[in-house]
Structures are given as structure tokens and as C-alpha cells.
Amino acid sequence: METTSRAGAEGASNAVGASNAVTEEEVPAARRTVDGYLQASFPWYGLDEAFTGPRWLMPVGTAADGTVQHGSTGHGDEPLIRGDSGGDKQRFAVVVTVASSPVRRSGDGTGVLDATTVSSAAWLAGSGLLAFTWPPQLDHTLRDDWLDQQTETAFELADDLDGPAWSVLSLPVDGVPVPFHYRESEYGWVLAGSAHGGVHIGAYGRGMSAYGLGFSVIADIATYA
């Protein structure tokens, strides 16, 4: 379903290496992240101009050969782990853009990568939401068990978009209504659908209603840095 393993999707790293003159540690993290987005061969999506709050970037996800496969643009408060002070009061929406790809050979030639689909976007959005919503009453020992269990559930839900856990929500993408698979939980909401530019869109959020959101191509990704 996804371009990388589930562990790889959660831990996708920045695709930018160090230059000859400056080490990666000396380059601001925001600049490294923007450079990763600029390496992509597909358009990035975010909330449309109706959203006037803060915008920010998360690291891109790459395939084994370094090709950029997906990334997430944030809107509103940069999310904290729910157990942290004020985490429940945050308002944010994160938009995940996933390159649409067919089944293909891996970069090292040793295997085959699955095609990316709407389920890929749903999985990345669901696992992204979990990263910031673990129950505050859990200690760090129990958190890993909870996260493993919930992550497996998110994967199964993403693989069954026609199942009863999902409803259909129509939202504009570049001004054109697009049907999205949508679900809510006590931790927030998740949705996933396809855009017109050869990409799939996932999104997750808390404190901001998904109803009434709109998505559009980002003209200048640097405005998110």
C-alpha cells in the first residue's frame, strides 16, 4: 500500500545531504526541509487561501534511492505530544501529499515497491495523527505498546476505505469538489482522497474542523519555512 515500510513511513528522513562547503549540521533545519521539498517531481498541496494562520513544514519522506515520495505541510499550531502541557488545546491541520506511483523496482534493484494509492495517504495521515495524540495517562513504558496497537489499527483502517469506519466528505481541491474518505476519533480526524496533479492527499487535525477546508497547490513552498 505504501512506498516504504510502516516503520519507514513513520521515520521518513530529510532527503538533503551536506554540501562540500557546509556541513548539514550548519544548515538551518528549516532550509534543509525546504530543499527536500524542492527536490520533488510532483506538486505540493496545502490549505487554500481561506486559511490565514501560521504555516510550517515537516520533513519529507523518501524511497531507498533518495527519491522524494511524500511530505506534510502544517497549518495552525505546531502540534505537541498530547501529554505535554497545552496539547489538548492546540488547533492544527496537516496536509500530506503523496506522489502517485505504480508498482516499480526498488532503487537498489533488490525488490519491488508497492503502488501508492489513496490508502497510502490515509495511512500516513492516520499514523501522523497518532504521533501527537497518545493518552496523557500512559507512562513512557506503556506508550510504545499503545502506539504499536493503534498504528496497526490505523494501517488496517487505511486498507479498508470502503469500510464502515469511513464516511464521504466532499471538499474543494484547486476549486473543484473532490470526494474524500473521512473518519473521526477521540484524538482528531483523518481524511484521504486524490488530487488532479498525479498525487494523493491525506490530512489530519485536531481543534480545527475538517468541514469547510479547501486544498490547493502551493505556489511557493518557501512560504511555509
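As the structure is a computational prediction, the values presented were derived from the model and not from experiment.

A.B. asks: Even after reading the chapter, I still don't get the overall build of the protein chain, so can you show me in this structure?
C.D. replies: Check the secondary structure of the protein chain and you find four helices and twelve strands. Burial statistics for the protein chain: of 225 residues in total, 50% are counted as buried. For the protein chain, restricting intrachain contacts to residue pairs at least 6 apart in sequence, the fraction spanning at least 24 positions comes to 60%.

A.B. asks: I keep staring at helix 3 (residues 118-130) and nothing clicks. Help me out?
C.D. replies: Side chains three or four residues apart in an α-helix point the same way, a direct result of the helix having 3.6 residues per turn. Here helix 3 spans 19 Å end to end across 13 residues, near enough to the 18 Å set by a 1.5 Å rise per residue. Across the 13 residues of helix 3, 13 count as buried, placing the element largely inside the fold. One side-chain oxygen of the residue at the start of helix 3 lies 3.1 Å from the amide nitrogen of Ser119, identifying that residue as Thr117.

A.B. asks: Looking at this structure, how should I read the nonpolar core?
C.D. replies: One broad rule of soluble globular proteins: the nonpolar side chains tend to lie buried together. With 33 residues, the main nonpolar core has Trp44, Leu191 and Phe215 as its most contacted residues. Listed by contribution, the elements that provide at least two residues to this core are helix 2 (29-38), strand 1 (45-47), strand 5 (92-99), strand 8 (167-173), strand 9 (176-185), strand 10 (188-194) and strand 11 (199-206). Once you skip the residues sitting within four places of it in the chain, Leu191 turns out to touch Ala125, Leu169, Leu171, Phe180, His181, Tyr182, Ile201, Gly202, Ala203, Ala210 and Phe215. Core analysis: the next-biggest nonpolar cluster, separate from the first, contains 24 residues, Met58, Val96, Ala158 and Val190 among them.

A.B. asks: What am I meant to see in the pairing of strand 5 here?
C.D. replies: Consecutive side chains along a regular strand alternate between the two faces of the sheet. Burial analysis of strand 5 places eight of its eight residues in the buried class, which makes it a mostly covered element. Alternating residues of strand 5 divide into Phe92, Val94, Val96 and Val98 and Ala93, Val95, Thr97 and Ala99, and every residue in both groups is buried. Note: strand 4 (residues 68-76) against strand 5, seven bridges, orientation antiparallel. For Gly74, the partnering residue across the bridge sits in strand 5 and is Val94.

Reading the values: rules and limits
Residues numbered from 1 in each chain as written. Predicted model: local features only at pLDDT ≥ 70, side-chain atom pairs only at ≥ 80, totals over all residues. Heavy atoms only, no water. Helix = DSSP H or I, 4+ residues; strand = E, 2+ residues; numbered from the N terminus. Buried < 20%, exposed > 50% of the residue type's maximum accessible area, 1.4 Å probe, protein only. Contact = heavy atoms within 4.5 Å. Expected span 1.5 Å × (residues − 1). Polar contact = N/O pair within 3.5 Å; in protein donor to acceptor, adjacent residues only side chain to side chain. Core = buried A, V, L, I, M, F, W, Y, C linked by side-chain atoms within 4.5 Å. Pairing = 2+ DSSP bridges.

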